Structures are given as C-alpha cells and as structure tokens.
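A closer look at the structure
Next come the chains, spelled out residue by residue.
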Amino acid sequence: MITTFAGALNTGLRRALEDDPKVILMGEDIGRLGGVFRVTDALQKDFGNNRVVDTPLAESGIVGTAFGMALRGYRPVCEIQFDGFVYPAFDQIVSHVAKIHYRTQGKVHAPITIRIPFGGGIGSVEHHSESPEAYFAHTAGLRVMTPSTPADAYSMIRQAIALDDPVIFFEPKRRYWDKADVDFVALDRDGGLPADRARVCATGTDATIVAYGGTVATALSAAKIAGEEGHSLEVIDLRSLSPIDFDTIAESVAKTGRLVITHEAPVFAGLGAEIAARITERCFYYLEAPVLRVGGFDIPYPPAKLEKFHLPDPDRILAAVDRTLAA
Amino acid sequence: MPDKVEYPVQLVQPDGRRVLDREHAALVADVGPELLRKMYEDMVVTRRIDTEATALQRQGQLGLWAPLLGQEATQVGSAHALYPDDYVFCSYREAAVAYCRGVNPSEITRLWRGVAHSCWDPSAVNMTNPNIIVGSQGLHATGYAYAAHLDGAEIATIAYFGDGASSQGDIAEALGFASSWSAPVVFLCQNNHWAISEPVRVQSQTPIVRRAYGYGIPGVQVDGNDALAVLAVTRQAVARARSGGGPSFIEAITYRMGPHTTADDPTRYRSSAETEQWARRDPIDRLRRLLERESLFDSSFQRSVADRADEVARQVRTSTIEMPDPGPMDLFEHVYAAPHALITEERRAYAEYLAGDPSEAAARPEGVPS
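Residues numbered from 1 in each chain as written. Chains lettered and ligands numbered in written order. Predicted model: local features only at pLDDT ≥ 70, side-chain atom pairs only at ≥ 80, totals over all residues. Heavy atoms only, no water.

Before going further, it helps to spend a moment on the overall build of chain B. When helices and strands are counted, chain B shows 15 helices and 7 strands. Relative to its length of 370 residues, chain B is compact, with a C-alpha radius of gyration of 23 Å against a globular reference of 21 Å. Judged by the C-alpha coordinates and their principal axes, chain B covers about 80 × 50 × 40 Å. Looking at the 370 residues of chain B, the share that counts as buried comes to 54%. A separation threshold of at least 6 residues defines the contact pool for chain B, and within that pool the share at least 24 residues apart is 74%. For chain B, the accessible surface area stands at approximately 15000 Å², while carbon and sulfur atoms represent 50% of it. Looking at chain B, you have 35 positive and 48 negative side-chain charges, and the mean spots of the two groups are 7 Å apart. (Helix = DSSP H or I, 4+ residues; strand = E, 2+ residues; numbered from the N terminus. Rg over C-alpha atoms; globule rule 2.2 N^0.38 Å. Buried < 20%, exposed > 50% of the residue type's maximum accessible area, 1.4 Å probe, protein only. Contact = heavy atoms within 4.5 Å. Areas by Shrake-Rupley, 256 points an atom, 1.4 Å probe, with all protein chains shown as cover. Lys, Arg positive; Asp, Glu negative; His and termini not counted. Charge placed at Lys NZ, Arg CZ, Asp CG, Glu CD.)

Quick look at the structure:
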C-alpha cells in the first residue's frame, strides 16, 4: 500500500491503540487537529479523548504525567511538538523516565515512547529544526530510535511502544511526506527488522557511509552520484542510536576499509564521534584512512535561508568520500 | 474547602486543649482513644527512626540522612487519612509516611546507605521511593491519579513536597494538569519554613496555598504540628478525590527542627530563638498533652510506646549495618528492561577484566569483525 511516512506512523499508532488498551497517546494538538504534522490524524475521533489526550501546553507536564501513568500500568506515547520544545521536559526524561528501572532494581518499568519530530530542511523558524539526539543517546536507560523510511516508521513505532524500556523516537520531519509502498501485512507477520539493528541500504566496496534519519536519503543520493563516477559506496541506516549496531558497521568497514559518518547534528561530541572512536578501536587494522565526519556546523541551528549550507548535502558527503579515497 | 489562609485549621492547641472548629472537628469526630494513641505511637516511633538514622550517619553507616524532626504530625496525621489502595508520591523526607504505609523499617535506610537508589518495593505499599529532584513528583502523582480515574478506580493519589519545591515549574504544571483533567490528586505541601538555608519568604510572598486557587483548585492551610487537624483536612481532600471531586491542595505549616540533611548546618542561617520557639510547638508534645488531658496517657501506654520505638530502632540499626555491599557486576543490572548491546558488551568486558584476564583485548570491545 502506498503511504507517506506520516501515514505509516499513523497506521502504526492506530494498530498499537487497537492491540493494547493500555496504550494512550498524549500531547499538544494531537486530538481534533491530528497533530501539527497530522501524524495522529483521526485517532481521537476513533479512539476517544481518553485514549488520545490533548494535554495542556507544558512539556515537562506531558512527560511527567506520562511517567505517573506508566507507574499505573499504562504505555503512554507522548508527542513533543518539535525538537526544540523537548528541553523543558529534559529533567523528567533523564532524571525519572530513564532511571526508574535502575533506581528500583527492575521493580518499576517506564514503557514510555516519546515521539519527537526532529531535524531541519523544512525552512522553519528557530527551535523547529534541532537534532538533540546526542543528549538522549548519552543517557543510560533510554533507547533512541529514528526511522528513515515509511516501512520502518510503521514497524519501529510499533516496536518502540511494545518495549518495556523508554524510547526517544525521533521522526525526521522532512521525510514526513515521503511516499513508499509499505507491505503492512508482511510487517505485521514478521515484525520487521529489529529496531536495534542497522540496515545496509546500499551495498558497495570502496567506502562506507553511515547515516540516520533525515540524512539517509542524502547519503543514498551521494552514493548514486559516486556510482556514476565509478566509486562504489555502501550506505548504512543506523535506525537505532542507542544502542548502536556496531557489528553491522564494523562488518562493512572490514570490507570497504573507509568510513564517513554523516548527521545533521553539530559534529563536536556528536554521535559521529562515538562511531568513529568505536570503529577505529574495532577495525584499526582494516582502516585505510581516518574516519571522517560530515555534519552540521557547531553553531546554533541557523535561519532558514542558511540551512542549506549547514545541512550535509551530497556534495559535502562526496567531498569527504574523495578525501578518504585519496588517503 | 474554604479559604482559611489567615487562620490555619487547628484542632488541638499547643497546650493540648481542643479547638472548637465545627467544620473540621466533624471530620475527626470518630477518632477515639485507639487512633489518637496510635498516631502518638507512630510519631514517637518515627522520631526514633529519625534519631537512629541520624546517629547511623554520624557513625559512618549512612552516607546521608534527611531528618524529619518536627514534621511528625504532618506526616503521621496525613498518612492516617489514606487507605491502603491510595497511592503516595513522596519527596525524600517522608520516612514517617513510609512507616505508616507499612514499609518495613529495615528498608528505610537502604538508599541513604548507598547500596541502591531506592528503599522499598513501591507496589507493596503503594508508595514511591524517595524522590531527590524536588517537585517532579507532583506531575507523577497527577499522571497516576489521571490513570486511576481512567481505570475507574475510586482512589486518591497524594503528592508530598516542600515549600522549596512549590517554586518549581513542575508543581505549577502539575496544578495545571490536575485542574484541566480534574485528576483525583491531593497536593500536600509541607511548608517547613526552610529550603536548606532559604526561608519560605524567598519562595513566596503570599501563602503557598493561594497558588492553588489560581488553578481553580480548592486549598486549605493547616497547623502542620497538629496531627488531628492534619488528619481532618487530609481526610476531606482524600474523600473529595475518591468521590470524583478532583484535586485539592493542603499547605501544612510546620517546621524542620533539624538540619536539611546531615550535611547541613542550620546554625549558619537561623537563630536559636526561632528554633526554640518552634520547639515549644513540638507536635509530639502537643498530642501527648491532649492524651494527658483526656486521661489516655498512663505509664503502661508510655512503656509500650517506648518498647515499640526501641524495637524499631534496633531493627533499623541492625538491618542497616548488616546490609551487604553490592558487587561490581551489580553496576550493570536493570539499566534496561530488555537486553541492550552497549550494556551487554561493557558487562562482559568488565567481568573479564575483574577475572584478571591478562590480555589487553579483554577490556576492549571485541577486536575485529568476524
């Protein structure tokens, strides 16, 4: 069935609501409006305002009350309207949601999914294009996921909600309107690729590109252009940012000997640094060149007219590929 | 609940005489000798737990302790208004509430000894573990109360927090959510006058309870050193919650007679005159005077209370000292509910390191891909 990324998420949320009466959606404007990106479209109409809850406008309140509901056996799915709005909820997420299982020696679970539209590329105003994933990947107790395709959006949101661990679920907002043919029946049957596994989405032999979320499509474009120029690039979609599937990356690097990591977030102390360090440790004797990173600059997210320079594009990725191939 | 900001509810005067308050006395009209004596015993026992834990900290057996000295009436009085199926969200000073909820005294010091981040099993007593981040539990309680409401459960959820926490945004957000959702939650602010070194006037220039009115939540101020009055107003709030009446706010005016924690030195920021003034309003003395006036306090009762306090103190001391230290591999337990590759890898590598594997590779992630 042809669906958009947002539509696939909507279907995933609908199935989760159908499957488990303890699943409850909560957030700002998710009811009659269906969310500002329409991801929860029609769900309140079909499941009622006790299952799809319009909350007061307060992010700490959304996550903090979700935490209390989880203590009573619910599985809340919170929507944070935009990436830059999650910071007021940061304490609730890192101090309570992330730590309760450890704090209570496993006696209390917090099966909360926190959906956050993230990243840029849609010409938005300040606080609407950020990539805060490193804060959350750095926090033990949280899982961090980000799908890059409609099929993954469907299967990964369902896996996230089913998990007994809290999940920060980043949705690359510039992919909301991407369309694809999704085989929901097959995904329902086999559950899809486990969310903690990376996927090799283009095979190649000369260099490996690791990407996630909004930059996967960019990396695939770069690989296509490189192919036309005679270079064979392997592209890996991480899917899970905590944990990271280093095995899949290491296998690829053992084959290609070269690694470029790309993400929208600022490079300094970003996930690319972690991947570079771990892969250098694991694949030191396979690497033909230093691991390179192509990311956002170490600046606040810039105004819309500047974001095209800030976001990694195929040209910047290919420039890094050229450097690694030349080494 | 009426606005009684200027006149906190009081049912027992400091000298033990009853106060004529038709509305609130009616709420505790059924409280006879047995319950009065039980509350007195619980206050004495929890003061003894507090004294014992403070001593254990001084002796190096606990890393820290947050004394509740002076707040026994607020905690014991309110706890006796709750039913077993009600749910308590606490801060970190509610050892007396925990004791009244049926927490085994031998579990009360576990967090403070540093062997775990928690003390008891929350589901066993319907009470969360000490919450160190002040104010966040107001939201947790509101969410729990809302969930209980969705379940159709006729219970109350209560959140304990202090005057300092009342300044936190989470308490404000909790009041907003509770009001918006008509959540069956009771906010109980223990205004003990001091947030570490900051007097309550730094937190608020108006009575804290007035904040609730702005959210459309009824509130009441109560003499927090009067266990009977606290019992009365908490019963009222709990009944309101259980019957679908929505949230309530109680500001209990009490005093933290000891330090904020065992690491604190209150002589640096408050006068001995102030402390002495509040000592004269000691909540335990007050209830004892009431019992004496009503011929409910005799030597055999006094003896039985002292015996119970001794027994519990011995239990706290013994269990604290005998708590085994966790082992190094416990570091990695329960970070996640389901296996997580990073934790699995670090656990394996550290186990090999501890086993004394001489190869350098053992402490590193697996060498090369297979």
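The subject of this paragraph is the interface of chain B and chain A. Chain B puts 47 residues into the contact, and the matching count from chain A is 53 residues. Interface area for chain B against chain A, summed over the two sides, is near 4000 Å², with a carbon-plus-sulfur share of 62%. Across the chain B-chain A interface, the total number found is 2 salt bridges. Where the side of chain B that touches chain A is concerned, the elements lending two or more residues are α7 (136-151), α8 (169-181) and α15 (341-354) of chain B. Among the elements that take part in the side of chain B that touches chain A, α7(B) stands out by supplying 11 residues, more than any other. (Buried area = accessible area lost by both parts, 1.4 Å probe. Salt bridge = Lys/Arg side-chain N within 4 Å of Asp/Glu carboxyl O.)

Scanning the model with the defined rule gives 43 salt bridges over all chains in all. Across the pair R15(A) and D188(A) runs a salt bridge whose closest N-O atoms are separated by 2.8 Å. Note that R15(A) is positioned in helix α1 (residues 5-19) and D188(A) in helix α8 (residues 184-190), a separation of 173 residues in sequence. Residue class for R15(A) comes out partly exposed when judged on its relative accessible area of 24%. Of the charged contacts in the structure, one is a salt bridge between D86(B) and R242(B), with a shortest N-O distance of 2.5 Å. Placement of D86(B) in the loop between α3 (72-79) and β1 (87-89) and of R242(B) in helix α11 (residues 227-242) is noted, with a sequence separation of 156 residues between them.

This next bit is on the layout of surface pockets. A volume near 410 Å³ is recorded for the second largest pocket. Lining the second largest pocket are 18 residues, and of these Q105(A), V115(B), A116(B), P326(B) and D330(B) sit closest to its centre. At the level of elements, α5 (100-103) of chain A together with α5 (110-113) of chain B are the ones that each hand at least two residues to the lining of the second largest pocket. (1 Å grid on protein atoms, 1.4 Å probe; cavity = no way out; pocket = protein on both sides within 12 Å on 5 of 7 lines; lining within 4 Å. Points joined across faces, edges and corners; volume = space filled by probe spheres on them.)

The subject of this paragraph is the sheet that holds strand β6 (residues 219-223) of chain B. Residues and elements named next belong to chain B. Judged by pairing direction, the sheet is parallel, and its 5 strands sit side by side in the order β1-β2-β3-β7-β6 without closing on themselves. Bordering the open sheet on either side are β1 and β6, each of which pairs with just one other strand. Taken over all neighbouring pairs, the strand axes of this sheet differ in orientation by 20° on average, direction set aside. Note: strand β3 (residues 185-191) against strand β7 (residues 248-253), 6 bridges, orientation parallel. Bridging from a neighbouring strand, N191 pairs with I253 of β7. Across the sheet, α11 lies against β2 (157-162), β3, β6 and β7, angled at about 160° from β6, the strand it touches most. (Pairing = 2+ DSSP bridges. Axes fitted to C-alpha atoms, helices over the stretch in contact; angles between N-to-C directions.)

Moving on, we come to the nonpolar core. Nonpolar side chains in soluble globular proteins tend to end up buried together. Counting 81 residues, the largest nonpolar core has I93(A), I249(A), I275(A), F187(B) and F249(B) as the members making the most contacts within it. Each residue touching I249(A), except ones within four places of it in the same chain, is listed here: V210(A), I236(A), L238(A), I244(A), L259(A), I275(A) and I279(A). If you look at the next biggest cluster of nonpolar residues, it comprises 69 residues, including L11(B), V186(B), A227(B) and A232(B). (Core = buried A, V, L, I, M, F, W, Y, C linked by side-chain atoms within 4.5 Å.)

What follows covers empty space enclosed by the protein. All names here are of chain B. For the structure on display, the rule yields 3 cavities of 30 Å³ or more. In this structure, the largest cavity spans a volume of roughly 80 Å³. Forming the boundary of the largest cavity are 14 residues, of which Y92, E94, A95, W112 and P130 lie nearest the centre. Residue composition of the lining of the largest cavity, grouped by class: 11 nonpolar, 1 polar and 2 charged. (Nonpolar A, V, L, I, M, F, W, Y, C, P; charged D, E, K, R; others polar.)

This part is about the pairing of strand β14 (residues 292-296) of chain A. All names here are of chain A. With 4 of 5 residues buried, β14 lies mostly within the body of the structure. Looking at chain direction, strand β13 (residues 259-266) and β14 are connected through 5 bridges and run parallel. Bridge pairing in β14 links T262 to V294. With helix α11 (residues 271-283) bridging β13 and the parallel β14, this β-α-β connection has right-handed handedness. (Right-handed = clockwise from strand over helix to strand, strands pointing away.)

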